[in-house]
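# Breakdown of the fold
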Amino acid sequence: MIEGVRADVAERQARVSIEEYKEHAARAPEPMDGASALRGTGVKVICEIKRSSAEKCALAAISDPAGLAADYEAGGAAVISVLTEQRRCGGTLADLEAVRARVGIPVLRRDFIVTSYQLWEARAYGADLVLLIAAALDQPALVSLVERAESIGLTPLVEVRDEEEAGRAVDAGARVVGVNSRNLKTLEVDRSAFRRLAHALPAHIVKVAESGVRGPRDLIAYADAGADAVLAGDSPLLSRAPRFATSVLVAAGAQHAARHSN
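What you see is a predicted model; the values in this text were computed from it and never measured.

### Looking at the overall build of the protein
From N to C terminus, the protein includes twelve helices and ten strands. Radius of gyration (C-alpha) of the protein: 17 Å, near the 18 Å computed for a compact globule of 262 residues. C-alpha extents for the protein along the principal axes are approximately 55 × 40 × 35 Å. In the protein, which comprises 262 residues, the proportion classed as buried is 53%. By sequence separation, contacts in the protein at least 24 residues apart represent 68% of the contacts at least 6 residues apart. Within the structure as shown, the protein displays about 11,400 Å² of accessible surface, and the carbon and sulfur contribution to it stands at 51%. For the protein, the centre of its 32 positive side-chain charges and the centre of its 35 negative side-chain charges are spaced 4 Å apart.

In structure tokens, the structure reads:
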């Protein structure tokens, strides 16, 4: 998959140079602070624009990604995640651009980012956050991409799956760490993995639970384990009423915070 990503990046770079994206970024508004958006009272909800995934294949036929994002925002989502990988997942940078133009909350570019060129792409198309997958990057590359993302105003969300990767994320200077509890071989979710890894992360890091949120009960379980935010995944995406499904999760996060503040 990474080889395919690199080939696609090379093809795009032949059409649009990194210098062009840098010039575009110089004229664009400053990105929003993704880490701040995921902190605060209650468990924050990240909702996804995702037609398919590498793990599950086709998920949803999304004809209007901007409209779906607007529903998520109206339901109280804190961040919109837009999957832009095209070869396996059917995403596009046009989806990212359309969502950015429609919503007033931070937008995350979710992709297999392996080069700084993709960071400048993300910046040019309106992203505020970018996903960096620790398993796809050696440590020098992870450190470099975290630093470069921060330097151009993007908030890197570093995804980890085990203790070793969590340590690497901390060492790389990540302010936001997402724990993906899904086993990529079996596709099963072990929610206890989040609790184990979250407790090992420093208090200043924003902790995001990335897998297995089927509804309010899962959100609350992750909140009890220390989550600042959850990636809602398929729950609102596959709902006939995504705005309502999002609002239910947001309300659960707020109620959990209220109970624990008393």
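Let us keep going from here.
### With respect to the pairing of strand S5 (residues 107-110)
Side chains Val107 and Arg109 of S5 all project onto a buried face; the interleaved residues Leu108 and Arg110 project onto the opposite face, where all are buried too. Relative to S5, strand S4 (residues 79-83) runs parallel, the two being bridged by four bridges. When the bridges of S5 are listed, Val82 appears paired with Arg109. Crossover handedness for the path S4 to helix H5 (residues 93-102) to S5: right-handed. Sheet topology note: the S5/strand S6 (residues 129-133) ladder contains two bridges and is parallel. Within S6, the position partnered with Arg109 by the bridge is Val130. Traced from S5 through helix H6 (residues 116-124) to S6, the parallel crossover comes out right-handed.

### Overview of the packing of helix H4 (residues 65-74) against helix H12 (residues 242-261)
Running from N to C, H4 and H12 point in directions that differ by 35 degrees, and their axes come no closer than 7 Å. The two elements H4 and H12 meet at a crossing, and its hand is right-handed. Residues Leu68, Asp71, Tyr72 and Ala74 of H4 touch H12, and the partners they reach there are Pro242, Arg243 and Thr246. Looking at the contact of H4 with H12 residue by residue, the class counts come to four nonpolar, one polar and two charged.

### Re the sheet that holds strand S9 (residues 206-209)
In a beta sheet, neighbouring strands pair by backbone hydrogen bonds and run either parallel or antiparallel. With parallel pairing, eight strands are arranged side by side around a closed barrel as S1-S4-S5-S6-S7-S8-S9-S10. Adjacent strand axes in the sheet meet at a mean angle of 25 degrees, parallel and antiparallel pairs treated alike. Here strand S1 (residues 44-49) pairs with strand S10 (residues 229-231) via three bridges, running parallel. Considered in S10, the bridge of Val45 is made with Val230.

### Topic: the packing of helix H10 (residues 216-224) against H12
Close contact between H10 and H12 brings their axes to 9 Å; oriented N to C, the two are set at 40 degrees. Classified by the interaxial angle, the pair formed by H10 and H12 is oblique. Relative to H12, the crossing made by H10 is right-handed. Seen from H10, the contacting residues are Pro216, Leu219, Ile220, Ala223 and Asp224; seen from H12, they are Val248, Leu249, Ala252, Gly253, His256, Arg259 and His260. Taken together, the residues of the contact of H10 with H12 break down into seven nonpolar, three polar and two charged.

### Structural notes on H6
When you tally the buried positions in H6, you get eight out of nine residues, the bulk of the element. All buried positions along H6 are accounted for by Tyr117, Gln118, Leu119, Trp120, Glu121, Ala122, Arg123 and Ala124. Each element contacted by the buried residues of H6 is listed here: helix H1 (2-15), helix H2 (18-27), H5, S5, S6 and helix H7 (139-151). Among the residues trailing H6, Gly126 stands out with phi positive, at a value near 105 degrees.

### Regarding the side chain of His256
Structurally, His256 can be placed in helix H12. Non-local contacts of His256, meaning those with residues more than four positions away in its chain, are made with Ile220, Ala223 and Asp224.

### A look at the packing of aromatic side chains
Tallied over the full model, the rule gives three aromatic pairs. Here a set of aromatic residues connected by ring pairs shows up, and it is made of Tyr21, Tyr117 and Tyr125.

### Brief notes about the pattern of salt bridges
Two side chains carrying opposite charge are able to pair once their charged atoms lie near each other. One pass over the full model with this rule turns up 15 salt bridges. Where Asp234 meets Lys50, a salt bridge forms, and the shortest distance between an N and an O atom there is 3.8 Å. Residue Asp234 is found in helix H11 (residues 234-237), and its partner Lys50 is found in the loop between S1 and strand S2 (52-53); the two are separated by 184 residues along the sequence. Overall, the relative accessible area of 9% leaves Lys50 in the buried class. In the salt-bridge network here, residues are joined through shared partners; they are Arg12, Arg109, Asp111 and Glu121.

Rules of the game
- Numbering of residues begins from 1 in every chain and follows the order in which that chain's sequence is written.
- Per-residue local features are limited, in this predicted model, to residues with pLDDT of at least 70; the limit for side-chain atom pairs, both in listing and counting, is 80 or more; totals at the level of whole chains, interfaces and linings are taken over all residues.
- With hydrogens and water stripped out, all remaining heavy atoms of the structure feed into the side-chain values.
- Only DSSP runs of H or I reaching four residues or more are called helices, and only runs of E reaching two or more are called strands; each is numbered from the N terminus.
- Each radius of gyration reported is based on C-alpha atoms, and the globular scaling rule is 2.2 Å times the count of residues to the power 0.38.
- The buried label applies to any residue whose accessible area, calculated with a 1.4 Å probe on protein chains only, is under 20% of its type's maximum; exposed applies above 50%, and partly exposed to all values in between.
- Throughout, a contact is declared for two residues whenever any of their heavy atoms are within 4.5 Å.
- Computed with a 1.4 Å probe, the accessible areas rest on the Shrake-Rupley method; for each residue, only the protein chains presented here act as cover.
- In this tally, Asp and Glu contribute negative charge and Lys and Arg positive charge; neither His nor the terminal groups of the chain are included.
- One atom stands in for each charge, and that atom is NZ of Lys, CZ of Arg, CG of Asp or CD of Glu.
- Any two strands between which DSSP finds at least two bridges are classified as paired.
- Seen with its strands pointing away from the viewer, a crossover is right-handed when the path leading from the first strand over the helix to the second is clockwise.
- Here, axes are lines fitted to C-alpha atoms. For helices the fit covers the stretch in contact, and angles between N-to-C directions go from 0 to 180 degrees.
- Note on convention: near helix rotated counterclockwise from far helix by under a right angle means a left-handed crossing. Clockwise means right-handed.
- Residues are grouped as follows: Ala, Val, Leu, Ile, Met, Phe, Trp, Tyr, Cys and Pro are nonpolar; Asp, Glu, Lys and Arg are charged; every other residue, Gly included, is polar.
- Convention used here: angles under 35 degrees read as roughly parallel, angles over 145 as roughly antiparallel, angles from 65 to 115 as roughly perpendicular, and any remaining angle as oblique.
- In this analysis, rings of Phe, Tyr and Trp, with Trp reduced to its six-membered ring, are considered paired at centre separations within 6.5 Å, and the interplanar angle assigns stacked below 30 degrees, edge-to-face beyond 60, and tilted for intermediate values.
- Think of a salt bridge as a Lys or Arg side-chain nitrogen and an Asp or Glu carboxyl oxygen that are within 4 Å of each other.

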